[in-house]
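A closer look at the structure
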Amino acid sequence: MTITREEATQALGEIDAAAGRAAEFKNYAHIAPFLILWGVVWMVCDLLIQFEPRWGLTWPIGAGLGVLASIVIGCGLPRDGVTAAERAMGWRHMASWMLVLVFIVALFQVIPITSPREVHSVFGLVFGFLYLGVGLWTGWRMAILGVALIVLTFVGFYAVGAWYALYMGLVSGGALILGGLWLRKI
Amino acid sequence: MGPDEIIHQSLRLKIMATLNALPRSEKLEFPKLKALLKATDGNLGAHISTLENAGYIAVEKDFADRKPRTRVSLTASGKHAFEGHVAYLRELIDGGGAEG
């Protein structure tokens, strides 16, 4: 069998492309259930807030349940052949997302917030930009989802009036759910 | 080390590269592999058989939700052969190895 340098270069290119696509698929498959979960949390919490604004603990309770469910999902991911180092990486990923949540809460302690609308929008924008950043590393679908979340948050902030929570619940929460389902498709 | 004639065929190379990129011993369902590689059923099935006969991949058939399911994964010898072939290709490009 004779292989020229050109053929070898082409073969390595095919290998890189196939491996990159497989890695992208693997990342999407891991991220998708978390997106769907948090889309549901977002939708339920915002719908409750829209129709029963007096329930001030809706989001803290929803976020707490979301964190617990995320841990359950993380523990349920396939473990065949996963090394201790890879397991530790999974926990680091989880901890990183938790740090973002804590960061936003900390931010509100030093930046004056005058309305729940601003709180909502900050969460939407921070996670939108994070998804965009994650997308730069894992694949273009995450980047598109991030851009969608940013745009939807700005549209809601400036164009939606009294039904803002309902809008964010249905549109942004729905975007995460649809995004998660989209990531599961190859 | 020389080239691996079984692996070097274009679609088989992509199958091996795809399975090698997954976590160790992770099994990939046939329809997902087909979609990832944009291959047809018949073509992919034939090349999977070739790789299975060489001992490079393992094919597992079972039922999930009462539907037949075929999953493929890379074997230890398949991983070794793939890495050897990639090393050969790199050496060839770097000018350190002989063609053929």
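Residues numbered from 1 in each chain as written. Chains lettered and ligands numbered in written order. Predicted model: local features only at pLDDT ≥ 70, side-chain atom pairs only at ≥ 80, totals over all residues. Heavy atoms only, no water.

1. Description of the overall build of chain B
Within chain B, the secondary structure is distributed over five helices and three strands. Along its sequence from the N terminus, chain B presents helices and strands in the succession α-α-β-α-α-β-β-α. Summarising its shape, the C-alpha atoms of chain B cover approximately 55 × 25 × 20 Å along the three principal directions. In chain B, which comprises 100 residues, the share counted as buried stands at 41%. (Helix = DSSP H or I, 4+ residues; strand = E, 2+ residues; numbered from the N terminus. Buried < 20%, exposed > 50% of the residue type's maximum accessible area, 1.4 Å probe, protein only.)

2. Topic: the environment of B:Tyr88
Residues and elements named next belong to chain B. In this fold, Tyr 88 is placed in helix H5 (residues 76-93). A relative accessible area of 5% places Tyr 88 in the buried class. Sequence-wise, Tyr 88 and Asp 4 are 84 residues apart; in three dimensions their C-alpha atoms are separated by 8.9 Å.

3. As for the environment of A:Gly156
Residues and elements named next belong to chain A. Along the chain, the position of Gly 156 falls in helix H5 (residues 140-159). What makes Gly 156 buried here is its relative accessible area of 0%. When the C-alpha positions of Gly 156 and Gly 62 are compared, they lie 21 Å apart, and in sequence the two are 94 residues distant. For Gly 156, the contacting residues outside a window of four places in its chain are Arg 117, Tyr 164 and Tyr 167. (Contact = heavy atoms within 4.5 Å.)

4. Quick notes on the interface of chain A and chain B
At the interface, 22 residues of chain A touch 29 residues of chain B. Regarding the contact of chain A and chain B, the summed buried area is about 2500 Å², with carbon and sulfur atoms giving 67% of it. Looking only at chain A, the three residues that lose the most surface to chain B are A:Met1, A:Ile3 and A:Arg5, adding up to 25% of its buried area. Here chain A and chain B share zero salt bridges between them. Counting every contact that joins chain A to chain B gives three residue pairs in polar contact (both at pLDDT 80 or more). Among the elements that make up the side of chain A that touches chain B, the one with the highest residue count is helix H1 (residues 5-51) of chain A (13 residues). (Buried area = accessible area lost by both parts, 1.4 Å probe. Salt bridge = Lys/Arg side-chain N within 4 Å of Asp/Glu carboxyl O. Polar contact = N/O pair within 3.5 Å; in protein donor to acceptor, adjacent residues only side chain to side chain.)

5. Observations concerning H1(A)
Compared with an ideal rise of 1.5 Å per residue, which puts 47 residues at 69 Å, H1(A) spans 67 Å between its outermost C-alpha atoms and is within 8% of the ideal. Largest kink in H1(A): about 30°, centred on A:Ile31, with the proline A:Pro33 one to four residues after it. (Expected span 1.5 Å × (residues − 1). Bend = angle between axes of the 7 residues up to and from the residue.)

6. Examining helix H4 (residues 41-53) of chain B
Think of an α-helix as turning once every 3.6 residues; residues three or four places apart then point the same way. For H4(B), which comprises 13 residues, the first-to-last C-alpha distance of 18 Å matches the rise-based estimate of 18 Å (1.5 Å per residue) to within 8%. The inward-facing, buried residues of H4(B) abut helix H1 (5-8), helix H2 (10-21), helix H3 (30-37), strand S2 (57-64) and strand S3 (67-74) of chain B.

7. Section: the packing of H2(B) against H5(B)
All names here are of chain B. Packing of H2 against H5 brings their axes to within 11 Å, and their N-to-C directions diverge by 115°. When the axes of H2 and H5 are compared, the pair comes out roughly perpendicular. Once H2 is placed against H5, the crossing between them reads as left-handed. Contact residues: Leu 13, Met 16, Ala 17 and Asn 20 in H2; Gly 78, Lys 79, Phe 82, Glu 83 and His 85 in H5. Looking at the contact of H2 with H5, its residues break down into four nonpolar, three polar and two charged. (Axes fitted to C-alpha atoms, helices over the stretch in contact; angles between N-to-C directions. Parallel < 35°, antiparallel > 145°, perpendicular 65-115°, else oblique. Left-handed = near helix turned anticlockwise from the far one by under 90°. Nonpolar A, V, L, I, M, F, W, Y, C, P; charged D, E, K, R; others polar.)

8. Description of the packing of aromatic side chains
Residues and elements named next belong to chain A. In this structure the tally under the stated criterion is eight aromatic pairs over all chains. Consider the rings of Trp 140 and Trp 182, whose centres lie 5.6 Å apart with planes at 75°: the pair is edge-to-face. On the criterion of sequence distance, the pair formed by Trp 140 in helix H5 and Trp 182 in helix H6 (residues 164-184) is long-range, its members being 42 residues apart. Among the residues examined, Trp 182 registers a relative accessible area of 30% and is labelled partly exposed. What links up through ring pairs into an aromatic cluster is the set Trp 97, Phe 127 and Tyr 131. In this structure, Arg 117 is placed above the aromatic ring of Phe 157, and the distance from its NZ or CZ to the ring centre is 5.8 Å. A cation over a ring is seen here: Arg 117 above Tyr 164, with NZ or CZ 4.6 Å from the ring centre. (Phe/Tyr/Trp six-rings, centres within 6.5 Å; stacked < 30°, edge-to-face > 60°. Lys NZ or Arg CZ within 6 Å of the ring centre and 35° of its normal.)

9. A short note on the pattern of salt bridges
Residues and elements named next belong to chain B. According to the stated counting rule, one finds six salt bridges over all chains in the structure shown. Asp 62 serves as the salt-bridge partner of Arg 71, at 3.5 Å between the closest nitrogen and oxygen. Under the relative-accessibility criterion, Arg 71 is labelled buried at 17%. Judged by relative accessible area, Asp 62 falls into the partly exposed class, the value being 21%. Residues participating in the shared-partner salt-bridge network are Lys 27, Glu 60, Asp 62, Arg 69 and Arg 71.

10. Quick notes on the sheet that holds strand S1 (residues 28-29) of chain B
Residue and element names in this part refer to chain B. The strand order S1-S3-S2 describes an open sheet built from three strands, whose pairing is antiparallel. Strands with a single pairing partner mark the edges of an open sheet, and in this sheet they are S1 and S2. Note that S2 and S3 share eight bridges and pair antiparallel. From the neighbouring strand, Ile 57 faces S3, where its bridge partner is Leu 74. Contacting S1, S2 and S3, H2 crosses the sheet at an angle of about 85° to S3. The sheet contacts of H4 involve S2 and S3, and relative to S2 the element is tilted by about 120°. (Pairing = 2+ DSSP bridges.)

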